[in-house]
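Reading the structure
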Amino acid sequence: MNGFSDGPSEQVLRQPVASRGQPEGGSGLPEQAWALLYEMLHTHMRNFPALAAELDLSPVQAHVLKQLGEGPLAMSTLAHYLSCDASNVTGLVDRLEARGLVERKSSEQDRRVKMLVLTEAGAELRGRLMERLSAPPPLIAAMPDEDLAALRDIMRRALKTQ
């Protein structure tokens, strides 16, 4: 079990695009492809709060751990990333720090700036979170290898153009 369901909402992915009132044919292909990709990701991530709860985290705490895996992060940058006030980040970080998952350190460039760093326990929990998030949803995992290879190659090409 990867923490993400194959519930009724994912049944929509099995319906042809035209059956949902979207145009078929050459026009609108980018919009159709994007709409389906977005729908699949949204359906998959709908269960993120339940996954976070399984790890005894709030969804926001899980997002913070995910973000901190890229290295130390200034609290102000985290506030910007979460689209919230710095005072909200302080309470959030206080709770993560109390659990021994993160620690605050002064920036080497500016001691007034507080950097957030994962502790060993935080890195371990983040690893478990990322492992669960990396598990494909059942509809993707059940696809034939040929389709999976084609999907992978298409996504690689799409990402290279950015």
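Worth saying up front: this structure is predicted, and the values here are computed from it rather than measured.

A look at the packing of helix α3 (residues 59-68) against helix α6 (residues 120-134)
Here α3 crosses α6 at 100°, and the two axes come no closer than 9 Å. Considered as vectors, α3 and α6 are oriented roughly perpendicular to each other. Contact residues: Ala-62, Leu-65, Lys-66 and Leu-68 in α3; Leu-125, Arg-126, Leu-129, Met-130 and Leu-133 in α6. Class assignment of the residues belonging to the contact of α3 with α6 gives a composition of 7 nonpolar, no polar and 2 charged.

A short note on the nonpolar core
Within the largest apolar cluster, 24 residues are counted, with the highest numbers of intra-cluster contacts made by Leu-57, Leu-65, Leu-68, Leu-78, Val-93, Val-102 and Leu-129. Of all the elements in the fold, those that place two or more residues in this core are α2 (48-54), α3, α4 (75-82), α5 (86-98), β3 (114-118) and α6. If we skip the residues at most four places from it in the chain, Leu-78 touches Val-64, Leu-73, Val-89, Val-93 and Leu-116.

Comments concerning the layout of surface pockets
In this structure, the second largest pocket occupies an estimated 260 Å³ of space. Of all the elements in the fold, those that place two or more residues in the lining of the second largest pocket are α1 (29-45), α6 and α8 (145-160). Ranked by residues supplied to the lining of the second largest pocket, first place goes to α1 with 4 residues. Partitioning the lining of the second largest pocket into residue classes produces 10 nonpolar, 2 polar and no charged.

Focus: the sheet that holds strand β1 (residues 73-74)
Judged by pairing direction, the sheet is antiparallel, and its 3 strands sit side by side in the order β1-β3-β2 without closing on themselves. Each having just a single partner strand, β1 and β2 (102-106) make up the two edges of the open sheet. Both β1 and β3 contribute to a ladder of 2 bridges, which runs antiparallel. Within the sheet, the bridge partner assigned to Leu-73 lies in β3 and is Leu-116. This element, α3, spans β1, β2 and β3 of the sheet and lies at about 90° to β3.

Points about the environment of Asp-153
Within the secondary structure layout, Asp-153 lies in helix α8. Note on Asp-153: relative accessible area 30%, which makes it partly exposed. One polar contact links Asp-153 to Arg-152, side chain to side chain, over a distance of 3.0 Å.

A word on the side chain of Gln-61
With respect to the helices and strands, Gln-61 occurs in helix α3. The exposure class of Gln-61 is buried, given its relative accessible area of 8%. A polar atom in the side chain of Gln-61 sits 2.9 Å from the backbone nitrogen of Ser-58. Other than its neighbours up to four places away in sequence, Gln-61 contacts Asp-56, Leu-92, Arg-95, Leu-96 and Arg-99.

Some remarks on unusual backbone geometry
One can expect most non-glycine residues to show negative phi and most peptide bonds to be in trans. Residue Asp-56 is not a glycine yet carries a positive backbone phi of 60°. A relative accessible area of 56% means that Asp-56 is categorised as exposed.

Some points on the pattern of salt bridges
Enumeration according to the criterion identifies 7 salt bridges in this entry. Arg-104 serves as the salt-bridge partner of Glu-97, at 2.4 Å between the closest nitrogen and oxygen. Residue class for Glu-97 comes out partly exposed when judged on its relative accessible area of 30%. You can call Arg-104 partly exposed: its relative accessible area is 26%. With a closest N to O distance of 3.8 Å, Glu-124 and Arg-128 form a salt bridge. With a gap of 4 residues between them, Glu-124 and Arg-128 both fall in helix α6, about one helical turn apart. A relative accessible area of 38% places Arg-128 in the partly exposed class. Overlapping salt bridges, with partners in common, bring together Asp-94, Glu-97 and Arg-104 in one network.

Calculation criteria
Residues numbered from 1 in each chain as written. Predicted model: local features only at pLDDT ≥ 70, side-chain atom pairs only at ≥ 80, totals over all residues. Heavy atoms only, no water. Axes fitted to C-alpha atoms, helices over the stretch in contact; angles between N-to-C directions. Helix = DSSP H or I, 4+ residues; strand = E, 2+ residues; numbered from the N terminus. Parallel < 35°, antiparallel > 145°, perpendicular 65-115°, else oblique. Contact = heavy atoms within 4.5 Å. Nonpolar A, V, L, I, M, F, W, Y, C, P; charged D, E, K, R; others polar. Core = buried A, V, L, I, M, F, W, Y, C linked by side-chain atoms within 4.5 Å. Buried < 20%, exposed > 50% of the residue type's maximum accessible area, 1.4 Å probe, protein only. 1 Å grid on protein atoms, 1.4 Å probe; cavity = no way out; pocket = protein on both sides within 12 Å on 5 of 7 lines; lining within 4 Å. Points joined across faces, edges and corners; volume = space filled by probe spheres on them. Pairing = 2+ DSSP bridges. Polar contact = N/O pair within 3.5 Å; in protein donor to acceptor, adjacent residues only side chain to side chain. Salt bridge = Lys/Arg side-chain N within 4 Å of Asp/Glu carboxyl O.

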